[in-house]
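Structure assessment
The chain contents come next:
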Amino acid sequence: MTQTSRRAAGSPSSDVHNGTDPDDRFAGLDRRKFIGYVMAGSTLVVAADMASARPARAAVPSGPQIPEFYDLEDLQTDSAAPTANLITVTITKQGRAKFAIPRMEVGQGIITSTAMILAEELDLPMDKVDVTLAPARPELLLNQLTGGSNTTFSTYTPIRVAAAVARQRLLEAAAIMFGTTADRLFTTGGVVSDGLGNQATYGDLASDAASQVVEAIEVVLRPKEKFKVIGRPRNRTDARAAVTGQKDFTTDLQVPGAEPTMVCRAPDHQGTPKRLNNKAAILRMPGVTHVAQVPSGIAVRANTFGQCIDAIRTMDVDWNPGPVAGMSDATVLNKLRAGELPMAVPNVPVLAKTIETDFAFAFRSSAALEPYAAIADVRSDRATIWAGLKVPILAQQRVAEAVGLPQNAVKVNVITGGGSFGHKLFGDHAIEAARISKAMGVPVKLMWHRADEPRQGRLHPMATSRVRATVLNGQVLSFEQRHTSVTTDFSHGLGEMITSQADELDPIGLGGLSFAQSIFTLTQELPYNFGLVTQLLNEPLEFEDKFVTGSMRNIYSPDTCVAAELTIDQIAKELGKDPLEFRMEMLKNDRVKAALAKVAEEGNWGRAMPAGTAQGIAIHKEYKGCTAILAEIDCRPRTVNRDLGPETVTGPRVTKLVIAVDAGLVINPRGLEAQMQGGAMDGIAMTLTASNHLRNGQFLEASWDNYFYTRQWNVPPKVEVHIIKSDSQTPGGAGEAAVGSTAAAVACAYARATKTLPKFFPINHGEISFKPKSFVPPVPASPTNGLKLAR
């Protein structure tokens, strides 16, 4: 049975501005009545189609910013809606619910939360719900992209409707079996009963509930007040497997014939190979089976990854320079400065005070703990890929193009990833593996070396963010922000979504904008009463295709949030007001106010602290929710200068972090808490330690020992997370919600502790505390004592 959910005839208007919360995506819909379809089949299969449940948009108001009534969440959800009916839930003859979610699990916990949604609406135990990752399904069009903290927001209602249709169909089958009517039956734990002693399991009813024709069914969703599963803390269903090594990631898979494969890469960023001068010698090395030149480097296949590393270190390769050869951080920053958009202060009284700030942000690596990895088996007439991919349909298309096959001859299997941070939005690893497999004529198991990731992998672009505000008589009259960035690559699917929704976007002011400017506009919201607010983006064309970039963790928001919140502290200082007091006076959103008040209370804002330490607060509103952060930092010399061993960066330590989050309807509070903690670690790293240094066209960092992501020594022993109760009927996005606000709160705390305004982030970027690894060879020697260290 396939279920298509549509707003039932006679349900309330879908105008989201008709007295409803604009942050509730389907606020104008009757949240309980939907029309579904039972599709022909031998067992019960259901799905949901939200294509005709899209709320109509009211005229654009002059005051609010665009994301207040249409944001990136809406864009992604509307783009996915037309094919929601193709996502099916199946009830098997064993009484189990099976659902292949068209998204990628990268540690955010969507397998668990999706199982909870199904269990809730089906009235089925969690251990009878099987959620897997769907392979690439081209027919889904734009409904198979994992990003923008959108998974639960966009799938929540369709999944619930599909489950409700399944349950209704099972009740109707039982009614026939028991000789009664469906409204006299009830379900408990996957069993239908009539209260008179008659019972049947979902498995008993699955075949009878199936249909030989397409049928329309109206269903009523379970009201929020009767939830038994949703909203209750639950451990992840895959947690034990993950921590015991039983969970399979790409490199764990045993695909027949797929042997370890790695690539010797250029010293320059995006350099390309001319020729390998000693191919015969490499082929004679122990374990080596194949060598091939591909656009990204010289690939080697061997019996072990260690043998691949040994071969790479022996290669004699002539290289073409990369497109940024000779460039450095300073070069890029100067070019960004030249491309900055001018401020345009409106007409304000002559006595108004102007406050200006100017910040710069270094390149950052979006590498995850799991390196890029993909398995490819390319034959003359077909290809099969196994990889962690957040946009598998696009990867399928590009693999097909790369190996000269039609798209329908390429099968792409989506594998759970060990993190992503925007990295796996792109199919670089899958495409490269396919090219290597074709060139060698054998299956390959490709793994990038960790040294490859910061140097040749996806980067968060270098950027500047400038703010100019005018104030008079305690009021902010204008707040202008101009963000200038190296080009952000949106060729992973979000651009296609913008194109597909052009008719929707033009009336709200996005017509004529680039993909990047559209994404920027849909994600930036400053929820303060600051008079005339403008936030604009420019990405100079001269950076096009120069760097391999991506939309890492919250896209533009960490940088813009740091710049805005630091400026707000400066405005408060100019007006002689406490940072908390000033924010509470100026905030125009009650949800944000509640979150800020919560962290101030729980974090004991304003308490006396020793010199060199301080508190900082910041807020961020995005993804249909908001966060507030209180951070405490220790910048005293005894902390900053402590000895942590050779080639280890030191610096301030965040000693306390209090988070308040309003994420709308919360599916799994424990999962949300974990998301907040993880996002906070990202924010700390962005402000204090994590960056890539560009020197002479080469990035110095190589692997995690000198790419200084957050370490135990600069994070608080405990992170408090407080979940604000929400009246929203739908979930908001949570995956990245704490990143920008944490980065900003830590920056504000640092400024107050040191009594200086930091201008470049991360604050330690000016110091290189490590000796860069060699560029030729591009990887360090393979380890020989690994077992001794694995204790």
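Residues numbered from 1 in each chain as written. Predicted model: local features only at pLDDT ≥ 70, side-chain atom pairs only at ≥ 80, totals over all residues. Heavy atoms only, no water.

1. Focus on the overall build of the protein chain
Along the protein chain, the regular secondary structure elements total 21 helices and 32 strands. Taken over C-alpha atoms, the radius of gyration comes to 27 Å for the protein chain, in line with the 28 Å a tight globule of 791 residues would show. The principal-axis extents of the C-alpha atoms in the protein chain amount to approximately 80 × 80 × 50 Å. Looking at the protein chain as a whole, 61% of its 791 residues qualify as buried. Of the contacts formed within the protein chain by residues at least 6 apart in sequence, a portion of 81% connects residues at least 24 apart. The average position of the 82 basic charges and that of the 81 acidic charges among the side chains of the protein chain differ by 4 Å. (Helix = DSSP H or I, 4+ residues; strand = E, 2+ residues; numbered from the N terminus. Rg over C-alpha atoms; globule rule 2.2 N^0.38 Å. Buried < 20%, exposed > 50% of the residue type's maximum accessible area, 1.4 Å probe, protein only. Contact = heavy atoms within 4.5 Å. Lys, Arg positive; Asp, Glu negative; His and termini not counted. Charge placed at Lys NZ, Arg CZ, Asp CG, Glu CD.)

2. Thoughts on the environment of Ala302
Tracing the chain through its elements places Ala302 in strand S14 (residues 297-302). If we skip the residues at most four places from it in the chain, Ala302 touches Glu259, Pro260, Gly287, Val288, Thr289, Gln307 and Cys308.

3. Structural notes on the sheet that holds strand S26 (residues 613-622)
On the basis of which strands lie adjacent, the open sheet formed by 4 strands has the order S26-S27-S28-S31 and mixed pairing. Unpaired on one side and paired on the other, S26 and strand S31 (719-723) mark the two borders of the sheet. Strand-to-strand, the axes of this sheet are offset by a mean angle of 15°, without reference to chain direction. Across the sheet, helix H20 (residues 739-754) is in contact with S26, strand S27 (625-634) and strand S28 (653-662); its angle to S26 comes to roughly 150°. (Pairing = 2+ DSSP bridges. Axes fitted to C-alpha atoms, helices over the stretch in contact; angles between N-to-C directions.)

4. What about helix H8 (residues 329-338)?
All of the buried residues in H8 are Asp329, Val332, Leu333 and Leu336. The buried residues of H8 occupy an angular sector of 100° when projected down its axis, which confines them to one face. The exposed residues of H8 that point more than 90 degrees off its buried face are Asn334 and Ala338. Packing partners of the buried residues in H8 comprise strand S16 (353-361), strand S23 (463-472), strand S24 (475-485), strand S29 (694-695) and strand S32 (760-761). (Arc of directions from axis to C-beta.)

5. Re the pattern of salt bridges
Tallied over the full model, the rule gives 39 salt bridges. One salt bridge in this structure joins Arg337 and Asp358, with 2.7 Å as the shortest N-O distance. Of this pair, Arg337 sits in helix H8 while Asp358 sits in strand S16; the two residues are 21 residues apart in sequence, bridging distant segments of the chain. According to the relative accessible area criterion, Arg337 is partly exposed, its value standing at 30%. Here Glu480 makes a salt bridge to Arg482, at a shortest N to O gap of 3.3 Å. For the pair shown, Glu480 and Arg482 are each scored as buried. Overlapping salt bridges bring together Glu105, Arg236, Asp238 and Lys247 as one network. (Salt bridge = Lys/Arg side-chain N within 4 Å of Asp/Glu carboxyl O.)

6. Digging into the packing of aromatic side chains
Here a ring pair, both rings aromatic, is described through the centre-centre distance and the interplanar angle of the planes. Taken as a whole, this structure holds 14 aromatic pairs when the rule is applied. Taking the centre distance of 5.3 Å and the plane angle of 20° together, the rings of Phe479 and Phe530 count as stacked. With Phe479 in strand S24 and Phe530 in the loop between helix H14 (515-523) and strand S25 (532-538), the pair connects residues that are 51 residues apart, well separated along the chain. Note on Phe479: relative accessible area 0%, which makes it buried. Look at Phe530 and you get buried, because its relative accessible area is 0%. The structure contains a cluster of three or more aromatic residues connected by ring pairs, namely Phe479, Tyr528, Phe530 and Phe582. Positioned above the aromatic ring of Phe775 is the side chain of Arg455, whose terminal nitrogen or guanidinium carbon lies 3.9 Å from the ring centre. (Phe/Tyr/Trp six-rings, centres within 6.5 Å; stacked < 30°, edge-to-face > 60°. Lys NZ or Arg CZ within 6 Å of the ring centre and 35° of its normal.)

7. Some thoughts on the packing of helix H19 (residues 669-688) against H20
With their axes 7 Å apart at the nearest point, H19 and H20 run at an angle of 45° to one another. Relative to H20, the element H19 is oriented oblique. In the packing of H19 onto H20, the handedness of the crossing is right-handed. In this structure, H19 uses Gly679, Ala680, Asp682, Gly683, Ile684, Met686, Thr687 and Leu688 to contact H20, whose residues at the interface are Val739, Thr742, Ala743, Val746 and Ala747. (Parallel < 35°, antiparallel > 145°, perpendicular 65-115°, else oblique. Left-handed = near helix turned anticlockwise from the far one by under 90°.)

8. Regarding the pairing of strand S19 (residues 383-387)
The buried fraction of S19 is high, at 5 of 5 residues. Residues Ala383, Ile385 and Ala387 of S19 are buried on one face, and the alternating residues Thr384 and Trp386, pointing to the opposite face, are buried as well. Where strand S18 (residues 373-378) hands over to S19, the hairpin turn is made up of 4 residues, counted between the paired strands. Where S19 meets strand S20 (residues 410-414), 5 bridges bridge the pair, whose relative direction is parallel. Within S20, the residue paired with Thr384 across the bridge is Lys411. Read as a crossover between parallel neighbours, the route from S19 over helix H9 (residues 392-403) to S20 is right-handed. (Right-handed = clockwise from strand over helix to strand, strands pointing away.)

9. A few points about the sheet that holds S25
Here 5 strands make up an open sheet; going across it, the order is S25-S24-S23-S16-S32 and the pairing mixed. Either end of the sheet is taken by a strand with one partner, and the two such strands are S25 and S32. In the sheet, S24 pairs with S25 via 7 bridges, with the strands oriented parallel. From the neighbouring strand, Ser478 faces S25, where its bridge partner is Leu532. H14 rests against S24 and S25 of the sheet, and its axis sits at about 145° to S25.

10. Considerations on the environment of Ala409
Following the sequence through the fold, Ala409 ends up in the loop between H9 and S20. Linking Ala409 and Ala383, residues 26 residues apart in sequence, is a C-alpha distance of 6.4 Å. Beyond its immediate sequence surroundings of up to four residues, Ala409 is in contact with Asp381, Arg382 and Ala383.

11. Overview of the side chain of Arg169
When you line up the elements, Arg169 lands in helix H3 (residues 151-178). Only 2.6 Å separates the side chain of Arg169 from the backbone oxygen of Ala209, close enough to count as a polar contact. (Polar contact = N/O pair within 3.5 Å; in protein donor to acceptor, adjacent residues only side chain to side chain.)

12. Brief notes about helix H10 (residues 428-440)
Taking 1.5 Å of rise per residue, the 13 residues of H10 would be expected to cover 18 Å, and the 18 Å separating its terminal C-alpha atoms lies within 8% of that figure. With its phi angle positive at about 80°, Gly441 sits one or two positions after the end of H10. (Expected span 1.5 Å × (residues − 1).)

13. Examining the confidence of the model for the protein chain
Summary statistics for the protein chain give a mean pLDDT of 89 and a share of 90% for residues scoring 70 or more. Here residues 1-32 scores under 50 on pLDDT; set against residues more than four positions off or in separate chains, the count is 114 contacts. Residue range residues 52-62 is modelled with pLDDT below 50. Its contacts to residues more than four positions away, or to other chains, number 30 contacts. (pLDDT = per-residue confidence, 0-100.)

14. Description of unusual backbone geometry
In this model, Phe761 is joined to Pro762 through a cis peptide bond whose omega is 0°. Among the secondary structure elements, Pro762 is positioned in the loop between S32 and helix H21 (786-789). Located in the positive-phi region is Asp123, a residue other than glycine, with phi close to 60°. With respect to the secondary-structure elements, Asp123 resides in the loop between helix H2 (110-122) and strand S6 (129-133). Phi angles above zero are rare outside glycine, and Lys755 is one such case at about 55°.

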